[in-house]
Amino acid sequence: MQEKKFLYLNKQISYSTVGEGESVLVLVHGFPEDRRIWKNQWDAFPGYTLIIPDLPGSGQSEAIEDMSMEGLATALACLLEAEISNKNQQVTLIGHSMGGYITLAFAEKYPERLNGFGLFHSTSIADNEQKIEARKKGIETIRNKGVKTFVEGMIPNLYAEETKEKRPQLIKEQIEWAYNFSGENLVSYYEAMMKRPDRTNLLKQSKVPVLFIFGKSDTAVRLEEGLQLCHLPEISYIDILEHSAHMGMREEVSKANKLITNFLRITATT
Ligand code: MLT
């Protein structure tokens, strides 16, 4: 694995690359996460070059002025342009939750750069009123009580009961990673997610295969909501992680990796 840095609009963006394969897989983390969330995927796709960024404002990357889903997608496109020497190279982009919202914004703006994309516990549907209210409360907590209280309250809810009982260290580890966030950046992400448009039409129009991975007990992106979307693309690859909530790449590593591997076989032939 190589740790790299890229200067984007005078801000430092950090990312990792793994492998030297001709095909490229980009893994985009969600909120409040950084690239370490994919640590069980780093070595799982031999033959591929993996590019795993810390999004602007997360991990070791500085925030940028435009923290909208579209702004973050543009930053990602510039990073890929700088990293990949073959300018005609198409990539497969898989985004976890907020990373999926950014993936959709990327697919809208740069469809020619993708041979497939994946929504890992994510959705094309915009926030409803209930979700917006919940985010406003979250912002109040971040501002009034601080990042520590916010992440300690939020992150355990992303995991299935089974994981909480049997592998509490997974949750503890993710909480510790999240302590590093600045409150300001967390608020920027929440504000950007509240404003993001519905991109369901994009799924209907997709010319490339779309991967959907759902968690059976996910309360952040509910299975019922996801199941309304997954038949929309012309080609989709769908599965449910039975023992996961919102963090399947950590809760059910081998099945998640197998699903991604199978999807990569599909994108390789399109
Ligand atoms: C995430 O995991 O990225 C968040 O749960 C996304 C969201 O809050 O909509």
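You'll find the structure just up there.
Residues numbered from 1 in each chain as written. Predicted model: local features only at pLDDT ≥ 70, side-chain atom pairs only at ≥ 80, totals over all residues. Heavy atoms only, no water.

Quick look at the sheet that holds strand β6 (residues 114-120)
For clarity, the threshold we go by: In this analysis, strands are considered paired if DSSP registers two or more bridges between them. Per the convention used, a helix needs a DSSP run of H or I reaching at least four residues, while a strand needs a run of E reaching at least two, with both numbered from the N terminus. Lines fitted to the C-alpha atoms define the axes, with helices restricted to the stretch that makes contact. Angles between their N-to-C directions range from 0 to 180 degrees. Contacts: residue pairs with any heavy atoms within 4.5 Å of one another.
Taken together, the 8 strands give an open sheet; going across it, the order is β1-β2-β4-β3-β5-β6-β7-β8, and neighbouring strands pair in mixed fashion. With one partner strand each, in any of the chains shown, β1 (2-8) and β8 (236-241) form the two edges of the open sheet. With direction set aside, neighbouring strand axes in the sheet form an average angle of 20°. Docked against the sheet, helix α11 (residues 253-268) engages β3 (23-28), β4 (48-53), β5 (91-96), β6, β7 (210-215) and β8, running at close to 175° with respect to β8.

A word on the layout of surface pockets
Under the convention used in this document: A cavity, in this analysis, means grid points on a 1 Å lattice covering only the protein atoms where a 1.4 Å probe fits yet has no way out; a pocket is instead an open set bounded by protein on both sides within 12 Å along at least five of seven lines, and a residue lines either one if it has an atom within 4 Å of a point. Grid points are joined across faces, edges and corners, and a volume is the space filled by probe spheres set on the points. Residues were grouped as follows: Ala, Val, Leu, Ile, Met, Phe, Trp, Tyr, Cys and Pro as nonpolar; Asp, Glu, Lys and Arg as charged; and all remaining residues, including Gly, as polar.
If you add up the space inside the largest pocket, you get close to 800 Å³. Lining the largest pocket are 29 residues, and of these Lys131, Ala134, Arg135, Thr219 and Ala220 lie nearest its centre. Put simply, the parts of the chain that give the lining of the largest pocket at least two residues each are α2 (98-109), α3 (129-145), α4 (147-154) and α7 (183-195). Across the lining of the largest pocket, the residue classes tally to 13 nonpolar, 9 polar and 7 charged. There is about 230 Å³ of room inside the second largest pocket. Taken together, 18 residues line the second largest pocket, and the ones lying closest to its centre are Asp34, Arg36, Asp54, Gly59 and Gln60.

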